[in-house]
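# Residue-level structure breakdown
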Amino acid sequence: MTKDFNISETEWKVMEVVWQTPNVGFGEIKNALCDTGWSDSTIKTLIRRLVAKQALGFEEKGGSNKYYAVAEENVCRLKETKNLINRIYNGSVKMLVTNLVNDSNLTPDEAEKLMDIISKMEDAD
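Description of the structure in this document. Computed from a predicted model, the values in this text were never measured in an experiment. (Residues numbered from 1 in each chain as written. Predicted model: local features only at pLDDT ≥ 70, side-chain atom pairs only at ≥ 80, totals over all residues. Heavy atoms only, no water.)

## Some details on the overall build of the protein
- From N to C terminus, the protein includes six helices and three strands.
- Reading the protein from its N terminus to its C terminus gives the helix and strand order α-β-α-α-β-β-α-α-α.
- Taking 125 residues into account, the globule formula puts the C-alpha radius of gyration at 14 Å, and the protein, at 19 Å, lies well above it.
- Here the protein, with 125 residues, has 26% of them falling under the buried criterion.
- For the protein, contacts bridging at least 24 residues in sequence account for 52% of all contacts bridging at least 6.
- For the protein, the exposed area adds up to about 8,500 Å²; of that, 49% sits on carbon and sulfur atoms.
- Each charge class in the protein was averaged separately, 16 positive and 20 negative side chains, and the resulting centres sit 7 Å apart. (Helix = DSSP H or I, 4+ residues; strand = E, 2+ residues; numbered from the N terminus. Rg over C-alpha atoms; globule rule 2.2 N^0.38 Å. Buried < 20%, exposed > 50% of the residue type's maximum accessible area, 1.4 Å probe, protein only. Contact = heavy atoms within 4.5 Å. Areas by Shrake-Rupley, 256 points an atom, 1.4 Å probe, with all protein chains shown as cover. Lys, Arg positive; Asp, Glu negative; His and termini not counted. Charge placed at Lys NZ, Arg CZ, Asp CG, Glu CD.)

## Here's the deal with helix α1 (residues 9–20)
- Its 12 residues give α1 an end-to-end C-alpha distance of 17 Å, which sits within 8% of 16 Å, the value for a rise of 1.5 Å per residue.
- Here α1 has its buried residues at Glu11, Trp12, Val14, Met15, Val17, Val18 and Trp19.
- In this structure, the buried residues of α1 make contact with β1 (24–25), α2 (26–32), α3 (40–52), β2 (56–61), β3 (64–69) and α4 (73–89). (Expected span 1.5 Å × (residues − 1).)

## Notes on the sheet that holds β2
- Spatial strand order, β1-β3-β2: three strands in an open sheet with antiparallel pairing. Two strands in the sheet have a free side with no partner beyond their single neighbour: β1 and β2.
- Bridge count for β2 against β3 is six bridges, and the pairing is antiparallel. Counted as the bridge partner of Glu60 is Asn65 from β3. (Pairing = 2+ DSSP bridges.)

## Focus: the packing of aromatic side chains
- On inspection of all chains with the given rule, the structure shows two aromatic pairs.
- Ring geometry for Phe58 versus Tyr67: centroids 6.1 Å apart, planes at 50 degrees, classification tilted.
- Sitting over the face of the ring of Phe26, Lys44 holds its NZ or CZ atom 5.1 Å from the ring centroid. (Phe/Tyr/Trp six-rings, centres within 6.5 Å; stacked < 30°, edge-to-face > 60°. Lys NZ or Arg CZ within 6 Å of the ring centre and 35° of its normal.)

As structure tokens, this is what we get:
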């Protein structure tokens, strides 16, 4: 059974750091997030939440914690994609792709082929 982590937008930024650099300490996470303007306490709170959700794990090494991802990046990305499609496009992949195709540089032939693929996918569901 896959765990449902419900990672918020702000927590997602912490997860991205940990996914890129496994076994990362607080100082490294803080440095990676310096452009957010978040205080140390905000970052610590986000880390604590992610540990409580079991999306992050940690080991104590040399008197400090090293954090690692328990939640798999590809699983979280897929879940977020499905949430977006359900929330914005009422579950329709076709509506999402239509919007992307209409705002792209695809040739009419490429766009038509893509839409055919999506229609076949939705028919299979």
